[in-house]
Amino acid sequence: ISNNSVQNDVDGDDAAGICIRDGTVTIDSNIISHNHLSSSNSDTAGSTGIYANNNQWSVTIIGNTVVGNIASGTRKTAGVLIRESSYDPKYVTVSLKSNLITGNIGNGEGNSQAVLIKRTEGCIVNGNTIHGNNTTYDLYADFGNSETLTAENNDWGATNSDQIRARIYDFF
């Protein structure tokens, strides 16, 4: 999926923007903007922008602009959501590289995030610009304490380590 403009998609349930559920895919050099997800269903996660759901796949998300997306209701990922895979992680890779993720909005009760990572094995978040979002967190790492996430050389819009840490959620 390359060189597209995906905008003004409105969904009341699962995902607005680009939604990947299976297969090997590269999402490259797209503009994903002004999509809106509004849902009261808290049973499954949803997202505006880019939604990569759990299945046996490898996905590369590179060089995209994800801006001005709105997620409201109970599922508030207003940017990029990468869900866990139930398959052996050595066969599943996810790369989120060189993207601009800014100006996204999470409305509603509780926390919201611009990027939600719900799996980490084989997941790399490097070289992105992730800031200026109207969300509780720019990056929300939602996984167990034995897992690590590679997130290097990202621009968080600040140089003060306390300011950067305040915009990243990692329970452990």
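Residues numbered from 1 in each chain as written. Predicted model: local features only at pLDDT ≥ 70, side-chain atom pairs only at ≥ 80, totals over all residues. Heavy atoms only, no water.

## A short note on the confidence of the model for the chain
Piece 1. Across the chain, the average pLDDT comes to 83, with 82% of residues at or above 70.
Piece 2. By mean pLDDT, strand 2 (residues 10-11) is the weakest element of the chain at 78, and strand 17 (residues 129-130) is the strongest at 98. (pLDDT = per-residue confidence, 0-100. Helix = DSSP H or I, 4+ residues; strand = E, 2+ residues; numbered from the N terminus.)

## A look at the sheet that holds strand 5 (residues 31-33)
Backbone hydrogen bonds hold the strands of a sheet together, and the pairing may be parallel or antiparallel.
Piece 1. Reading across from one edge, 1-5-9-13-17 is the order of the five strands in this open sheet, with parallel pairing throughout. Sheet topology places strand 1 (5-7) and strand 17 at the edges, where each strand pairs with a single neighbour. (Pairing = 2+ DSSP bridges.)

## Some points on unusual backbone geometry
Piece 1. One non-glycine residue with positive phi stands out, namely Asn3, at about 55°.
Piece 2. Along the chain, Asn3 falls in the segment before strand 1.
Piece 3. Given a relative accessible area of 64%, Asn3 falls into the exposed group.
Piece 4. Non-glycine residue Asn153 carries a positive phi angle of around 60°. (Buried < 20%, exposed > 50% of the residue type's maximum accessible area, 1.4 Å probe, protein only.)

## Some remarks on the sheet that holds strand 3 (residues 15-20)
Piece 1. Read across the open sheet, the six strands follow the order 3-7-11-15-18-19; overall the sheet is parallel. With partners counted over all chains shown, the strands left at the sheet margins are strand 3 and strand 19 (168-170), one partner each. Between one strand and the next, the sheet's axes are offset by a mean angle of 10°, whatever the strand orientation.
Piece 2. Relative to strand 15 (residues 113-117), strand 11 (residues 77-82) runs parallel, the two being bridged by four bridges. Across the sheet, the residue bridging to Leu81 is Leu116, located in strand 15. (Axes fitted to C-alpha atoms, helices over the stretch in contact; angles between N-to-C directions.)

## Quick word on the environment of Ser38
Piece 1. Its place among the elements puts Ser38 in strand 6 (residues 36-39).
Piece 2. Residue class for Ser38 comes out partly exposed when judged on its relative accessible area of 37%.

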